[in-house]
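# Results of the structural survey
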Amino acid sequence: QKFIDNKKYSEAMDVLSKVPLAKASPQEKGAMAYLKAESLLGNKEYEEAVAQYDVTISTPEAEPYSDAARMGRVNSLKALGRLDEARADLEKLIESNSQDQALNIQARYYLGEVEEARENIDAAIKYYLLISVLYNDQDYVPKALFKAGELLEAQKKPSEALKAYQELLERFKDNDLTKKAH
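### Some remarks on the overall build of the protein
Looking only at helices and strands, the protein features eleven helices and zero strands. Helices and strands appear in the protein in the N-to-C order α-α-α-α-α-α-α-α-α-α-α. C-alpha atoms of the protein, sized along the principal axes, occupy 60 × 30 × 30 Å. Contacts in the protein between residues far apart in sequence, at least 24 positions, make up 47% of those at least 6 positions apart.

### Let's talk about the packing of aromatic side chains
This model, assessed by the stated rule, comprises five aromatic pairs. Both rings, one in tyrosine 34 and one in tyrosine 65, keep their centres 5.4 Å apart while their planes meet at 40 degrees; by these two values the pair is tilted. You can see tyrosine 34 sitting in helix α3 (residues 26–42) and its partner tyrosine 65 sitting in helix α5 (residues 63–80), a full 31 residues away along the chain. Note on tyrosine 65: relative accessible area 29%, which makes it partly exposed.

### Things to note about a nonpolar patch on the surface
Residues Phe3, Val15, Val19 and Leu21 make up a contiguous nonpolar surface patch of about 260 Å² in total accessible area. Mapped onto the elements of the fold, valine 15 is located in helix α2 (residues 9–17).

### What to know about the nonpolar core
Of all hydrophobic cores here, the largest spans 36 residues; its most connected members are Leu90, Tyr109, Tyr110, Tyr128 and Ile131. The set of elements that each furnish at least two residues to this core consists of α5, α6 (83–96), α7 (101–117), α8 (121–134), α9 (140–154) and α10 (158–171). Here this core gets eight residues from one element, more than from any other, and that element is α9. Once residues lying within four places of it in the same chain are set aside, the contact partners of tyrosine 109 are Tyr128, Ile131, Tyr140, Lys143 and Ala144. Ranked by size, the runner-up nonpolar core spans 13 residues in total, among them Tyr34, Leu35, Ala37 and Ala49.

### Quick notes on unusual backbone geometry
One non-glycine residue with positive phi stands out, namely lysine 44, at about 65 degrees. Along the chain, lysine 44 turns up in the loop between α3 and α4 (46–57). Look at lysine 44 and you get exposed, because its relative accessible area is 59%. Phi at glutamate 119 takes a positive value of approximately 65 degrees, unusual for a residue other than glycine.

### Points about the packing of α8 against α9
Between α8 and α9, whose axes approach to 8 Å, the crossing angle comes to 145 degrees. For the element pair α8 and α9, the recorded crossing hand is left-handed. Between α8 and α9, the residues in contact are Ile121, Ala124, Ile125, Tyr128, Leu129, Ile131 and Ser132 and Tyr140, Val141, Ala144, Leu145, Lys147, Ala148, Leu151 and Leu152, respectively. Of the residues contributing to the contact of α8 with α9, the split by class is 13 nonpolar, one polar and one charged.

### Structural notes on the side chain of serine 76
Within the secondary structure, serine 76 is located in helix α5. When its relative accessible area of 0% is taken as the criterion, serine 76 is described as buried. Residues in contact with serine 76, not counting those within four places in the same chain, are Leu41, Tyr46, Ala49, Val50 and Tyr53.

What counts and what doesn't
Residues numbered from 1 in each chain as written. Predicted model: local features only at pLDDT ≥ 70, side-chain atom pairs only at ≥ 80, totals over all residues. Heavy atoms only, no water. Helix = DSSP H or I, 4+ residues; strand = E, 2+ residues; numbered from the N terminus. Contact = heavy atoms within 4.5 Å. Phe/Tyr/Trp six-rings, centres within 6.5 Å; stacked < 30°, edge-to-face > 60°. Buried < 20%, exposed > 50% of the residue type's maximum accessible area, 1.4 Å probe, protein only. Patch = residues over 30% accessible without salt bridge, like charges linked within 9 Å, V, L, I, M, F, W, Y side chains within 5 Å. Areas by Shrake-Rupley, 256 points an atom, 1.4 Å probe, with all protein chains shown as cover. Salt bridge = Lys/Arg side-chain N within 4 Å of Asp/Glu carboxyl O. Core = buried A, V, L, I, M, F, W, Y, C linked by side-chain atoms within 4.5 Å. Axes fitted to C-alpha atoms, helices over the stretch in contact; angles between N-to-C directions. Left-handed = near helix turned anticlockwise from the far one by under 90°. Nonpolar A, V, L, I, M, F, W, Y, C, P; charged D, E, K, R; others polar.

Given below as structure tokens:
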């Protein structure tokens, strides 16, 4: 994990390749698959990362890693341009984790990114603005408001963009994005 945290993905893969899996428990195998997937994602080996995330997700004993594996899988799918699959995974995550606010904020933000990548800008804006209505998160809400403002500007809707930026300025005075919104 330390190598992954420090973005030393090749070193992480070297260590993981030396771990004997023959005697590992299902939970340990699922955890190892997750760590491999994270390393592969970091190395931009997205197809292989998806396969390893799938191992973790399909291993019931690896449950502590399953939501993180689902989010990593989404990131890999986005990078591969498999946006419909990413969207479906995100919707399932939200549906199956309705009480996990942190996961839901992240999943909704990623849904906005997916819709933006699909060039469905109105839907992306709706997801970003929904985040600002439902949550008061200090990380994702400012990013979502700023992103909504940028997209509204690009759509030549300056008064609506101004509302998004104004909300950002009022709710998150100390956030770095407020300087950009000025």
